Amino acid sequence: MADPETFEEAQAELEQIVTRLEQGQASLDEALALWERGEKLYAFCRAKLDAAQGKVEELARRVEQARP
Amino acid sequence: MAKVEALPYDDRTVYSVAAFNRGVAQWLGRLPTVWVEGEVTELRRHERWASVFFTLKDPIDGSCLGVTMLRGQFDGLRLELADGERVHVYGRPHLFEQRGEFRLRALTIERFGVGAHLAALERLKARLAAEGLFAAERKRPLPLLPRRIGLVTGNDAAAKRDVLTTIQTRFPPANVLVAETYVQGPRAALEIVDALRALCEDEDVDVIVLTRGGGSFEDLLPFSDERVVRAVASCRVPVVSAVGHEQDTPLCDLAADVRASTPTAAGRLVVPELSVVVAGLDRARASLARTVRLALARDAQALAHTRDRLRAAPRLAVERESRRVEQARDRLRRAPALAVERKRAALESAAGKLRVLSPLKTLERGYAIVRTESQLVRSASDVAPGVRVEVALAEGGFGARVEDT
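Residues numbered from 1 in each chain as written. Chains lettered and ligands numbered in written order. Predicted model: local features only at pLDDT ≥ 70, side-chain atom pairs only at ≥ 80, totals over all residues.

Peer 1: Explain the overall build of chain A to me, please; I cannot follow it from the model alone.
Peer 2: Along its length, chain A carries three helices and one strand. Listed by position from the N terminus, the elements making up chain A come as α-α-β-α. Among the 68 residues that make up chain A, the fraction classed as buried is 22%. (Helix = DSSP H or I, 4+ residues; strand = E, 2+ residues; numbered from the N terminus. Buried ≥ 20, exposed ≤ 12 C-beta atoms within 10 Å, placed from the backbone.)

Peer 1: Please explain the overall build of chain B as it appears in this structure.
Peer 2: Looking only at helices and strands, one finds 11 helices and 15 strands in chain B. For chain B, the proportion of its 405 residues judged to be buried stands at 25%. Within chain B, counting contacts between residues at least 6 apart in sequence, those at least 24 apart form 59% of the total. (Contact = placed C-beta atoms within 7 Å.)

Peer 1: How should the pairing of strand β9 (residues 176–180) of chain B be read in this particular structure?
Peer 2: Moving residue by residue along a regular strand, the side chains alternate between the two faces of the sheet. In terms of residue burial, β9(B) counts as a mostly covered element, since four of its five residues are buried. Where strand β1 (residues 56–58) of chain A and β9(B) come together, three bridges link them in parallel fashion. Paired with A:E58 across the two strands is B:V178, which belongs to β9(B). Judged from the five bridges that link them, strand β8 (residues 148–153) of chain B and β9(B) form a sheet pairing that is parallel. (Pairing = 2+ DSSP bridges.)

Peer 1: How should the packing of helix α5 (residues 188–201) of chain B against helix α7 (residues 226–233) of chain B be read in this particular structure?
Peer 2: For any two helices packed against each other, one specifies the crossing angle of their axes together with the interaxial distance. Residues and elements named next belong to chain B. With their axes 8 Å apart at the nearest point, α5 and α7 run at an angle of 15 degrees to one another. The angle between α5 and α7 places the two elements in the roughly parallel class. Classified by chirality, the crossing of α7 by α5 is left-handed. Residues A189, L190, I192, V193 and L196 of α5 form the contact with α7, whose participating residues are R227, V228, A231 and V232. (Axes fitted to C-alpha atoms, helices over the stretch in contact; angles between N-to-C directions. Parallel < 35°, antiparallel > 145°, perpendicular 65-115°, else oblique. Left-handed = near helix turned anticlockwise from the far one by under 90°.)

Peer 1: Honestly, the interface of chain A and chain B in this entry has me stumped. Any pointers?
Peer 2: Of the residues lining the interface, 29 residues belong to chain A; the matching set on chain B comes to 28 residues. Only α1 (7–22), α2 (28–50), β1 and α3 (59–66) of chain A provide two or more residues apiece to the side of chain A that touches chain B. Residues of the side of chain A that touches chain B, tallied by class, amount to 17 nonpolar, four polar and eight charged. (Nonpolar A, V, L, I, M, F, W, Y, C, P; charged D, E, K, R; others polar.)

Peer 1: How should the sheet that holds strand β13 (residues 369–371) of chain B be read in this particular structure?
Peer 2: Strand pairing within a sheet occurs via backbone hydrogen bonds; the two strands may be parallel or antiparallel. Residues and elements named next belong to chain B. Across the sheet, which stays open at both edges, the three strands sit in the order β13-β14-β15 with antiparallel pairing between neighbours. For this open sheet the edge positions go to β13 and β15 (397–401), each flanked by a neighbour on one side alone. Neighbour-to-neighbour, the strand axes of this sheet turn through a mean angle of 25 degrees, independent of strand direction.

Peer 1: So what exactly am I meant to see when it comes to the sheet that holds strand β4 (residues 51–57) of chain B here?
Peer 2: All names here are of chain B. Strand order in this closed barrel of five strands is β3-β4-β5-β7-β6, and the pairing throughout is mixed. Sheet twist, expressed as the average angle between the axes of neighbouring strands with direction ignored, equals 55 degrees. Bridging between β4 and strand β5 (residues 64–70) involves seven bridges; their strand directions are antiparallel. When the bridges of β5 are listed, F54 appears paired with V67.

Peer 1: In this structure, what is going on with α2(A)? I would like to understand it.
Peer 2: Side chains of residues three or four places apart in an α-helix project in the same direction, reflecting 3.6 residues per turn. For α2(A), with 23 residues, the first-to-last C-alpha span of 33 Å sits near the 33 Å given by 1.5 Å per residue. For α2(A), the full list of buried residues reads A:A31, A:L34, A:W35, A:G38, A:L41, A:Y42 and A:C45. (Expected span 1.5 Å × (residues − 1).)

Peer 1: Is there a simple way to explain the nonpolar core in this structure?
Peer 2: When a protein is soluble and globular, its nonpolar side chains tend to lie buried together. With 51 residues, the main nonpolar core has B:L196, B:I208, B:V209, B:V232, B:V240 and B:C252 as its most contacted residues. With seven residues, α5(B) is the single largest residue contributor to this core. Apart from the residues within four sequence positions on either side, B:L196 is in contact with B:V152, B:I208, B:A231, B:V232 and B:C235. Residues A:I17, A:L41, A:Y42 and B:V277 belong to the second largest nonpolar core, which totals 18 residues. (Core = buried A, V, L, I, M, F, W, Y, C linked by C-beta atoms within 7 Å.)

Peer 1: How should the pairing of β8(B) be read in this particular structure?
Peer 2: Residue and element names in this part refer to chain B. Counting buried positions over the six residues of β8 gives six, a clear majority of the element. Burial along β8 is two-sided: the face carrying R148, G150 and V152 and the face carrying I149, L151 and T153 are both buried. Note that β8 and strand β10 (residues 205–212) share five bridges and pair parallel. In the sheet register, L151 faces β10, and the bridge partner there is V209.

Nothing here speaks to function; it is all geometry.
Encoded structure:
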C-alpha cells in the first residue's frame, strides 16, 4: 500500500479501516494487516499535527524576498 | 460661426491647425447632450481658475474622459466630490480649439447615490445570477485541513486580527498567507482581484478567506464590483467571504463558496479545532485496537470450539456403540418371559371363547336341558304323558314325569 499523501487522505483511510473492522467481516490475516495499516496512518496523522507550529506569512514580503 | 477655409496647394487641400480644430469643434458641437457615468479622479479646482477640471474614469476598463465645468456652476452644486466617487455627468463633447483638447463640458453633475448604486447592484446581481454565478451547485466544500490558508484583508487591524487569532487558537499548526490590499476606494476592486490571483499562485493554498470589517455602504462597494465577484466565483480554490456585518450582503458573499457572518466565523470555518481532530484520531485508533482484539478473540473461540469437538468425537462414537449393545442385551433378557406371557394370553383367550360356547353358560341364566333316555327333548311331540325325563340345571338336576302334552 502506498504511503498517504495528505492528512485528509490518511484520516479518511483510517476511518474506512475502522469501519471495515467494526463490521467484523475481515479474515484474521486481513484484520491484522488492516490493523498494522491503521496504526501507520494514525502515526502519520499525529506526526502531521505535531509537526512544527504553523506560520503566518505576508504575501508582499514573500514577493520582495523572491526578487533577486 | 466662422467658416472653415482650406488653402489650395496644387492638387492638395490643406487646413490650418486653427481651421481644422474649428471644423472638428463645429462637428462635435452638433452632437447631443448626454449623461456619462464614471469615477471622479484628478479633480482640480482652483480659486483663480474659471473652470474646474477632473477626469472621469470607467471603473471597468479604466478608459478616461476629461471633464470641465464652470467653477461657479460646480460650486453651486455643493457636491464636495472626492476622488473615486461615482458620478453621472450631463454634458456635451467639446474641443478646446486653442489647445486641441477634447473634453466633456459638464452642465450638471449628480453623485451616483445610494439609490442608484442599489439599483445598479440589483441589475448586476440579476445578471450574474442569470449566468449561474451564485448557483448552489457551484459551491465547493472547504478542505478539512487546509495546507495553507490565503487571507485577503485590509491592513486595518480588526478583521485581519480576528481571522488570524481564531485560526491560530483553534488550530496552531495552520499556515496562513496574508495578502493586504485596499479594501475600499477606487483602487480596492482591482487590488482585491490581484490579491486573489497572487494567492492562487501558491499551490499550497487550498482555501481563501476574503474579509473586511464593517463599513458604510460605499465602503463595501468594491466587494460588489463585478471584477471582484467574478474573481471570487472563478477562484481556483474555495473562497470564504466575511465582509461587513451580518446584515450586509455584498455580491462577493453570494459568489463565495461559503459566507461567514464575521471574520471570526470565517476563521472557525477554515480550520477544525485541533483537540477535536486529535480526539477523532485517538478514537479511531482505540477502535482499531478493539476491533482487532475482538476479531482475534472470535477466531480463538471458534478454534477452541472446533478443538473441543475434535476431542469429543472418539468418545462419542464409543458411547453410541456401547448404548446400542446395552439395548440389545436388555431385549435379549426380556425375550423368554415375553414368550411365556404371550402363550398364557393365548390360552386365556381360548378358554374364554370355550366358556362362551358351552351350554353351562345358558343354564346359568335359568334355562334347563330336558332329555329322555334316548334323546334331547326339542319338541312336545318328542314325549308322551307318563314318560320319564331327566332335567339338567346349572346346579345339578332331577328326574320328572310328563303329565300332559
